Amino acid sequence: MTEETVAFDVENGIAWVRFNRPDKRNCMNPALNRRMMEVLDQLEFRDDVGVLVLSGEGSAWSAGMDLKEYFRETEAKGLGAIRKAQSEAYGWWRRLRWYGKPTIAMVNGWCFGGGYGPLFACDLAFAADEAQFALSEINWGILPGGGATKVVVDLLSMRDAMYHALTGELIDGRKAAAWKLVNESLPLADLKARVTEVATLLLKKNPIALKATKDAIRRVAEMTYDNAEDYLVRAQEAANSHDNEGRKEGIRQFIDEKSYKPGLAAYDK
Ligand code: ACO
């Protein structure tokens, strides 16, 4: 029987997607990477999905790449197999970075090495205080590849990134939040309720504006001010062509109907 490496349910507009190899601490083997891309494909344009949450079954979020199946067994097959396995892993992380819906990493437990790829790919990240993070590559003799070095350099201070990568030491959810690797950390028992609250808040917003905004945050990070200004004008005009009425309705409900205040909440879609 094929192992079901990814589990998911859709409930009240939220797609709850889970790494599902708890016995292997949800480490990513090629089968999981292929399946995750299929699941992302299936969910992206479903009308009943407004937000995607990525978590893990059991005690782990993800123990990174599968050292046996992703590294050792793939390397034994030669360079072609290595490049294929890399493109499958990097492929779904990239897909997630630019996903059509907002995404939230709900880090319930262990998060190592390669796990930083999907962690960064999610727009927001909430961790359990009890979760443990490390760039453990150094502990088994490689550098943090697959984007992990880039993730910590983008999110952490240079000193914290350097310490984290050179020592391979664990940090818990609280420290991950203090370092800005995740948005917030809270007790595991409260994690799902908080993520549901944030996802529900996002579900109230205009979905085209959400997609335009999340892309803009990632894109302008690499631009000069003038390039960003130009990109943002074009991005808003492109969004208008997909959703001509949304923002007009937002203005109408505030100015004419006086039914809400945009400073305090979202308009009624
Ligand atoms: N690759 C392959 N197998 C793994 C991995 C992994 N990354 N992580 C866990 N497993 C397997 C174990 O080999 C074990 O398999 P077995 O039951 O067939 O013996 C099973 O999952 C359970 O693992 P344990 O070590 O027994 O679980 P425990 O809860 O005691 O420890 C921990 C959890 C700390 C996550 C430990 O499994 C571990 O250190 N894993 C490796 C973490 C890591 O460094 N990942 C690589 C990061 S670098 C990169 O991703 C590029």
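Conventions adopted
- Residues numbered from 1 in each chain as written.
- Predicted model: local features only at pLDDT ≥ 70, side-chain atom pairs only at ≥ 80, totals over all residues.
- Heavy atoms only, no water.
- Helix = DSSP H or I, 4+ residues; strand = E, 2+ residues; numbered from the N terminus.
- Rg over C-alpha atoms; globule rule 2.2 N^0.38 Å.
- Buried < 20%, exposed > 50% of the residue type's maximum accessible area, 1.4 Å probe, protein only.
- Areas by Shrake-Rupley, 256 points an atom, 1.4 Å probe, with all protein chains shown as cover.
- Lys, Arg positive; Asp, Glu negative; His and termini not counted.
- Charge placed at Lys NZ, Arg CZ, Asp CG, Glu CD.
- Salt bridge = Lys/Arg side-chain N within 4 Å of Asp/Glu carboxyl O.
- Pairing = 2+ DSSP bridges.
- Patch = residues over 30% accessible without salt bridge, like charges linked within 9 Å, V, L, I, M, F, W, Y side chains within 5 Å.
- Phe/Tyr/Trp six-rings, centres within 6.5 Å; stacked < 30°, edge-to-face > 60°.
- Lys NZ or Arg CZ within 6 Å of the ring centre and 35° of its normal.
- Axes fitted to C-alpha atoms, helices over the stretch in contact; angles between N-to-C directions.
- Expected span 1.5 Å × (residues − 1).
- Contact = heavy atoms within 4.5 Å.
- Polar contact = N/O pair within 3.5 Å; in protein donor to acceptor, adjacent residues only side chain to side chain.

### Some points on the overall build of the protein chain
Assigned secondary structure in the protein chain consists of twelve helices and ten strands. Rg of the C-alpha trace for the protein chain: 20 Å, near the compact-globule value of 18 Å for 269 residues, within the 12% margin. Expressed as lengths along the three principal axes of its C-alpha atoms, the size of the protein chain is roughly 65 × 45 × 40 Å. Taken across its 269 residues, the protein chain has 44% of its residues classed as buried. Here the protein chain displays about 14,300 Å² of accessible surface, and carbon together with sulfur accounts for 56% of that area. Within the protein chain, the 39 negative side-chain charges are centred at a point lying 2 Å from the centre of the 36 positive side-chain charges.

### A closer look at the pattern of salt bridges
Taken as a whole, this structure holds 22 salt bridges when the rule is applied. Measuring nitrogen to oxygen at the nearest pair gives 2.7 Å for the salt bridge that ties Arg194 to Glu184. Of this pair, Arg194 sits in helix H9 (residues 188-203) while Glu184 is found in strand S10 (residues 184-186), placing the two residues ten residues apart along the sequence. Take Glu184: its relative accessible area is 27%, and that puts it in the partly exposed class. Salt-bridge contacts for Arg194 lead to Glu197; the nearest nitrogen and oxygen are separated by 2.5 Å. Note that Arg194 and Glu197 are positioned in helix H9 at a spacing of three residues, about one turn of the helix. The exposure class assigned to Arg194 is partly exposed, which follows from its relative accessible area of 24%. Note on Glu197: relative accessible area 48%, which makes it partly exposed. One network of salt bridges, in which partners are shared, links Glu4, Arg35 and Glu38.

### Details of the sheet that holds strand S6 (residues 110-112)
Spatially, four strands are ordered S4-S6-S8-S9 in an open sheet, and the strand pairing comes out mixed. Where the open sheet ends on each side, the last strands, each with one partner, are strand S4 (60-62) and strand S9 (171-172). The pairing of S6 with strand S8 (residues 132-134) spans two bridges and is parallel. Opposite Cys111, over in S8, you have Phe133 as the bridge partner.

### A word on a nonpolar patch on the surface
A surface patch of nonpolar side chains, about 260 Å² in accessible area, is lined by Leu67, Trp140 and Ile142. With respect to the element layout, Trp140 can be found in helix H5 (residues 137-140). Exposure remark for Trp140: the relative accessible area of 37% places this residue in the partly exposed category.

### Focus on the packing of aromatic side chains
Aromatic ring pairs are described here by two measures, namely the spacing of the ring centres and the angle between the planes. Tallied over the entire structure, the rule returns nine aromatic pairs. Ring centres 5.0 Å apart and planes at 90 degrees place the aromatic pair Tyr70 and Phe71 in the edge-to-face group. Both residues of the pair, Tyr70 and Phe71, belong to the buried class. Each ring, one from Phe254 and one from Tyr260, has its centre 6.4 Å from the other, and the planes form 70 degrees; the classification is edge-to-face. According to the relative accessible area criterion, Tyr260 is buried, its value standing at 14%. Among the aromatic residues, those joined into a cluster by ring pairs are Phe19, Trp61, Tyr90, Trp92 and Trp93. The side chain of Lys192 reaches across the aromatic face of Trp16, ending 4.5 Å from its centre.

### What to know about the sheet that holds strand S2 (residues 14-19)
The six strands are arranged S1-S2-S3-S5-S7-S10 in an open sheet whose pairing can be described as mixed. Edge positions in the open sheet fall to strand S1 (6-11) and S10, since each of these has one partner strand only. Neighbour-to-neighbour, the strand axes of the sheet open up by a mean angle of 20 degrees, direction not taken into account. Relative to strand S3 (residues 51-56), S2 runs parallel, the two being bridged by six bridges. The residue of S3 that forms the bridge with Trp16 is Val53.

### Observations concerning helix H10 (residues 207-220)
With 14 residues, H10 should cover 20 Å at 1.5 Å per step; its first-to-last C-alpha distance of 20 Å lies within 8% of that length. Buried within H10 are the following residues: Leu210, Ala212, Lys214, Asp215, Ala216 and Arg218. On its buried face, H10 is in contact with helix H3 (79-97), strand S5 (103-107), helix H4 (116-121), H9 and helix H11 (225-242). Between the side-chain oxygen at the start of H10 and the backbone nitrogen of Ile208 there is a gap of 2.9 Å, and the oxygen is on Asn206.

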